[in-house]
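# Residue-level structural notes
Read off the chains here:
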Amino acid sequence: MQMSSHVAGAGARQVQRRFKGLFWMVRGLVFGLCLLPLARLFWLGYHDGLSANPIEFVTRSTGIWTLVFLCITLAVTPLRRLAGLSWLLRLRRMLGLFAFFYASVHLTTYVWFDQWFDVAEMLRDVIKRPFITAGFVCFLLMVPLALTSNAWSMRRLGRRWQKLHRLIYPLVLIGLLHFWWVRSGKLDFFEPTIYGLIIAALLGLRLVWRLQAQRASAARKRGAGASAADAASHAAPARTGR
C-alpha cells in the first residue's frame, strides 16, 4: 500500500511538473504575441510605413490596442466559466499589464511627440476636448491596477484587491467613450460600435451571473429559514408533551 501510494504521488508530481512547463511555454508564447503590435510599429517606422502623420498613426494604433487588451482581459473570466479554461486566470494579470503598457505608450506619444511636454497646452486640451479628459481619467484609473498586479499586492490587500480591480469596469467604459469621441470627429462609428457590443456582452455576462448568484443565495437562505421553522414546529409539541 505504501509503495503504491508513493508511486501515485511521484506520478502526480511528474504530471504537475509537465503541466507547469507547458504553461510557461504558453505564457511565453502569449507574451511574444502581445509584443507584436509594438514590433509592427517599429517595422513600419523603419520602412517609412507610418503614413503621412506618424505621430497620429502611433497614437491611434496604441490607443486601439489598449482597448483590445482591456477587452481580452475582461474575456478571461467568461472563457474560464464557459469553456472550463481555468489556467487562463494565470494569464489575466499579464494581459492587464499589457493594456497598461500600450496605454502608457499612447499617453507618452501624446505628451512627448504631440505636445512636447507643454503643460499649458495640454491643460487647454483637457478643457476644450472631452475625449482628452476621458483619456486622462482612463489612464489614471489604470495606474493603481497596474501597480497592484502582483502576488505581493494580492496578499497584502486581501479581499480589497478584488474590490480595487473592479475599477476595470468603469475604466473600460470610459476608454470606449474616449474612442467614440475620437471617431465622432470623422463621423466614423463602426469600430466604436463593434467594441461597444463586445464590451456590453462581456459586462452583460457578468451581470447575469451576479443576478443568478444572488437569487441562488436568496433561495438557500429561504430554504434554511424554512428548515429552521419546520424544526422548531416539530420541537414545540415534544416539549409540550414532556
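My aim in this report is to walk through the structure given alongside it, one point at a time.

About the criteria used
- Residues numbered from 1 in each chain as written.
- Predicted model: local features only at pLDDT ≥ 70, side-chain atom pairs only at ≥ 80, totals over all residues.
- Heavy atoms only, no water.
- Helix = DSSP H or I, 4+ residues; strand = E, 2+ residues; numbered from the N terminus.
- Axes fitted to C-alpha atoms, helices over the stretch in contact; angles between N-to-C directions.
- Parallel < 35°, antiparallel > 145°, perpendicular 65-115°, else oblique.
- Left-handed = near helix turned anticlockwise from the far one by under 90°.
- Contact = heavy atoms within 4.5 Å.
- Nonpolar A, V, L, I, M, F, W, Y, C, P; charged D, E, K, R; others polar.
- Expected span 1.5 Å × (residues − 1).
- Buried < 20%, exposed > 50% of the residue type's maximum accessible area, 1.4 Å probe, protein only.
- Arc of directions from axis to C-beta.
- Patch = residues over 30% accessible without salt bridge, like charges linked within 9 Å, V, L, I, M, F, W, Y side chains within 5 Å.
- Areas by Shrake-Rupley, 256 points an atom, 1.4 Å probe, with all protein chains shown as cover.
- Salt bridge = Lys/Arg side-chain N within 4 Å of Asp/Glu carboxyl O.
- Lys, Arg positive; Asp, Glu negative; His and termini not counted.
- Charge placed at Lys NZ, Arg CZ, Asp CG, Glu CD.
- Core = buried A, V, L, I, M, F, W, Y, C linked by side-chain atoms within 4.5 Å.
- Phe/Tyr/Trp six-rings, centres within 6.5 Å; stacked < 30°, edge-to-face > 60°.
- Lys NZ or Arg CZ within 6 Å of the ring centre and 35° of its normal.
- 1 Å grid on protein atoms, 1.4 Å probe; cavity = no way out; pocket = protein on both sides within 12 Å on 5 of 7 lines; lining within 4 Å.
- Points joined across faces, edges and corners; volume = space filled by probe spheres on them.

This part is about the environment of G196. Checked against the element boundaries, G196 lands in helix 10 (residues 190–241). Distance from G196 to L177, taken between C-alpha atoms, is 9.1 Å for residues 19 residues apart in sequence.

Further remarks concern the packing of helix 6 (residues 130–147) against helix 9 (residues 168–184). Between helix 6 and helix 9, whose axes approach to 8 Å, the crossing angle comes to 155°. Considering the angle they form, helix 6 stands roughly antiparallel to helix 9. For the pair helix 6 and helix 9, the sense of crossing is left-handed. Residues P130, F131, I132, A134, G135, V137, C138, L141, M142 and L145 of helix 6 pack against I168, L171, I174, G175, H178, W181 and V182 of helix 9. Across the contact of helix 6 with helix 9, the residue classes break down as 14 nonpolar, three polar and no charged.

The subject of this paragraph is helix 9. Count 3.6 residues to each turn of an α-helix, and residues three or four apart come out pointing the same way. Spanning 17 residues, helix 9 covers 24 Å between terminal C-alpha atoms, matching the ideal 24 Å at 1.5 Å per step. Those residues of helix 9 that fall on the buried side of the exposure criterion are I168, L171, V172, G175, L176, H178, F179, V182 and R183. End-on, the buried residues of helix 9 take up no more than an arc of 155°, which puts them together on one face.

What follows covers a positive patch on the surface. Together, R159, K163, R166 and R210 give the surface a local cluster of positive charge. Its location among the elements puts K163 in helix 8 (residues 159–165).

Let us look at the nonpolar core. In this structure, F69, L70, L91, L95, Y195 and I199 are the most contacted members of the largest nonpolar core, which totals 33 residues. At the level of elements, helix 1 (2–34), helix 3 (54–83), helix 4 (89–114), helix 6, helix 9 and helix 10 are the ones that each hand at least two residues to this core. Ranked by residues supplied to this core, first place goes to helix 3 with nine residues. When neighbours within four sequence positions are excluded, L95 is seen to be in contact with V30, C34, F69, I72, T73 and V76.

Time to look at the packing of aromatic side chains. Evaluated as defined, the whole model comprises 13 aromatic pairs. Ring centres 5.4 Å apart and planes at 10° place the aromatic pair F69 and Y102 in the stacked group. Of the two residues, F69 is situated in helix 3 and Y102 in helix 4; the sequence distance between them amounts to 33 residues. Overall, the relative accessible area of 3% leaves F69 in the buried class. By relative accessible area, Y102 is classed as buried at 1%. Judged by centre distance (5.1 Å) and plane angle (75°), the ring pair of F101 and Y102 falls under edge-to-face. Residue F101 is classed as partly exposed on the basis of its relative accessible area of 31%. One aromatic cluster is present, formed by F31, W65, F69, F98, F101 and Y102 through successive ring pairs. The ring of W209 carries the charged tip of R81 above its face, separated from the ring centre by 4.2 Å.

Put simply, the largest pocket is a space of about 1,000 Å³. What lines the largest pocket is a set of 32 residues, among which T77, R92, H165, Y169 and R206 lie closest to the centre. When contributions to the lining of the largest pocket are tallied by element, the ones reaching two or more residues are helix 3, helix 4, helix 6, helix 8, helix 9 and helix 10. Top element by residues in the lining of the largest pocket is helix 4. It accounts for eight residues. For the lining of the largest pocket, the per-class residue count stands at 18 nonpolar, six polar and eight charged.

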